[in-house]
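Structure at a glance
Spelled out, the chains give:
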Amino acid sequence: MFATTLKRDAAQTSQLPLDLFGAIAGLKKELNAVVLAHYYQEGDIQDTADFIGDSLQLSRQAADTSADVIVFAGVHFMAETAKILNPDKLVLLPDLDAGCSLADSCPPAEFAAFKAAHPDHLVISYINCSAAIKAMSDIICTSSNAVKIVNQIPADQPIIFGPDRNLGRYVIKETGREMLLWQGACMVHEIFSEKKIIGLKIEHPEAELIAHPECEEAVLRHAQFIGSTSALLKYSQQSSTNTFIVATEPGIIHQMQRSSPGKQFIPAPPTNSCACNECPHMRLNTLEKLYLAMKNKAPEITMAEDVRLAALRPIERMLEMS
Ligand code: 13P
Ligand code: SF4
């Protein structure tokens, strides 16, 4: 098994051109491809992308693109969303194993039973879930439109919100709406240490803590600003503060540093000493794998048409409501 992997890696490395950026640019033209990248991707991938954004912006780009091929530099549920919106296009994910701990925390059979136990509830699902969960949902949301979407639901309509309990709790706080929460979570956003963040704030009294709503309440309560990755980026550009402690995946700091070169961005520390605040799923994608995916037109995202159609409806509702 190990020898096979080594052989495969060696074979793939021998296919790599010296100028990967140039080769990717050439393949974009040849395939009429667009490269979409999430802010959590490594810097080199962000630098080669045609569009970098948060989950909502990337879904919009995927819905509007005229390209024949979508190369999705993100995780599986994001590429799946692009495929749901574009059944006739080739959607490539550089590493098919780039999953998501949050999506995995919501197994379809268990969620179906949860939903069946509350038949009068409307199901709002965070986009970080599988196509099977989307297919069981009434409306999809992202971290940038969750509050706006929940605010549009009639007050007497009970709601199930899944799969992220932290985003759900944040939305409850912001909207004053009671919601039944699925108890899922993201391993990256639950690893931040409240104690170390407090220590950093003492060390840098001028710093502002900016946090993603997937973080636990213990972290969010210290934040000066809470928002999606694109909202955090915008806030860091507009705030007069010069130092930020950033409580989300540190890939976003690449764009923060680019747009505000004079400011200091400190990644919020995890509870242990590893780099566990880096998303291990997002980081499976590399520039090399992105090139190979374009060259080989694989790995490709596919799904059953009945699941795709069922998952499309709640995504379209989200795009209409946000
Ligand atoms: P946004 O892209 O909505 O900021 O969400 C971050 C995230 O965790 C994506 O996996
Ligand atoms: Fe999933 Fe968390 Fe990684 Fe986002 S950061 S892709 S929610 S595991």
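All of these numbers come straight from a predicted model, not from anything done at the bench.

Some details on the site of ligand 1
Around ligand 1, a shell composed of 13 residues is seen, among which His38, Ser55, Ser143, Glu214 and Thr229 lie nearest. Here an oxygen atom of ligand 1 and a side-chain polar atom of serine 143 are 2.6 Å apart. One nitrogen or oxygen atom from the side chain of glutamate 214 is found 2.9 Å from an oxygen atom belonging to ligand 1. Isolated, ligand 1 exposes 300 Å² of accessible area, and the fraction of that covered by the protein chains is 96%. Counting atoms within 2 Å of the grid points, the majority share of ligand 1 lands in the largest cavity. Taken together, the residues of the shell around ligand 1 sort by class into 4 nonpolar, 7 polar and 2 charged.

Description of the packing of aromatic side chains
The full count for this structure, using the stated rule, is 5 aromatic pairs. Measuring from centroid to centroid gives 4.3 Å for phenylalanine 225 and tyrosine 235, while their planes differ by 5°, and the two rings are stacked. Of this pair, phenylalanine 225 sits in strand 10 (residues 225-226) while tyrosine 235 sits in helix 13 (residues 229-238); the two residues are 10 residues apart in sequence, bridging distant segments of the chain. Residue phenylalanine 225 is classed as partly exposed on the basis of its relative accessible area of 23%. Three or more aromatic residues link up through ring pairs in this structure, and these residues are Phe111, Phe114 and Trp182.

Observations concerning the nonpolar core
For soluble globular proteins, the rule of thumb is that nonpolar side chains tend to be buried together. Phe72, Ile124, Met179 and Ala247 are the most contacted members of the largest nonpolar core, which totals 66 residues. For this core, the leading source of residues is helix 5 (residues 76-85), giving 6 residues. Residue contacts for alanine 247: discarding those within four places in its chain leaves His189, Phe192, Leu209, Ile210, Ala211, His212, Cys215, Val219 and Ala268.

Quick look at the site of ligand 2
Around ligand 2, the surrounding shell holds 13 residues, and the nearest of these are Cys100, Ser101, Asn128, Cys186 and Cys279. With respect to the detected pockets, ligand 2 is housed in the largest cavity. Its residues assigned to classes, the shell around ligand 2 shows 8 nonpolar, 4 polar and 1 charged.

What about empty space enclosed by the protein?
One pass over the full model with this rule turns up 2 cavities of 30 Å³ or more. Its volume calculated, the largest cavity comes out at about 220 Å³. Forming the boundary of the largest cavity are 26 residues, of which Tyr40, Asn128, His189, Glu214 and Met282 lie nearest the centre. Mapped onto the lining of the largest cavity, the elements with two or more residues apiece are helix 5 and helix 6 (101-104). Of the residues contributing to the lining of the largest cavity, the split by class is 12 nonpolar, 11 polar and 3 charged. Of the volumes computed, that of the second largest cavity is approximately 40 Å³. Among the secondary structure elements, those contributing two or more residues to the lining of the second largest cavity are helix 4 (55-64) and helix 5. No other element matches the 4 residues that helix 4 contributes to the lining of the second largest cavity. Grouping the amino acids of the lining of the second largest cavity by side-chain chemistry returns 6 nonpolar, 2 polar and no charged.

So, how was this worked out
- Residues numbered from 1 in each chain as written.
- Chains lettered and ligands numbered in written order.
- Predicted model: local features only at pLDDT ≥ 70, side-chain atom pairs only at ≥ 80, totals over all residues.
- Heavy atoms only, no water.
- Near = heavy atom within 4 Å.
- Polar contact = N/O pair within 3.5 Å; in protein donor to acceptor, adjacent residues only side chain to side chain.
- Areas by Shrake-Rupley, 256 points an atom, 1.4 Å probe, with all protein chains shown as cover.
- 1 Å grid on protein atoms, 1.4 Å probe; cavity = no way out; pocket = protein on both sides within 12 Å on 5 of 7 lines; lining within 4 Å.
- Sits in = over half its atoms within 2 Å of the grid points.
- Nonpolar A, V, L, I, M, F, W, Y, C, P; charged D, E, K, R; others polar.
- Phe/Tyr/Trp six-rings, centres within 6.5 Å; stacked < 30°, edge-to-face > 60°.
- Helix = DSSP H or I, 4+ residues; strand = E, 2+ residues; numbered from the N terminus.
- Buried < 20%, exposed > 50% of the residue type's maximum accessible area, 1.4 Å probe, protein only.
- Core = buried A, V, L, I, M, F, W, Y, C linked by side-chain atoms within 4.5 Å.
- Contact = heavy atoms within 4.5 Å.
- Points joined across faces, edges and corners; volume = space filled by probe spheres on them.

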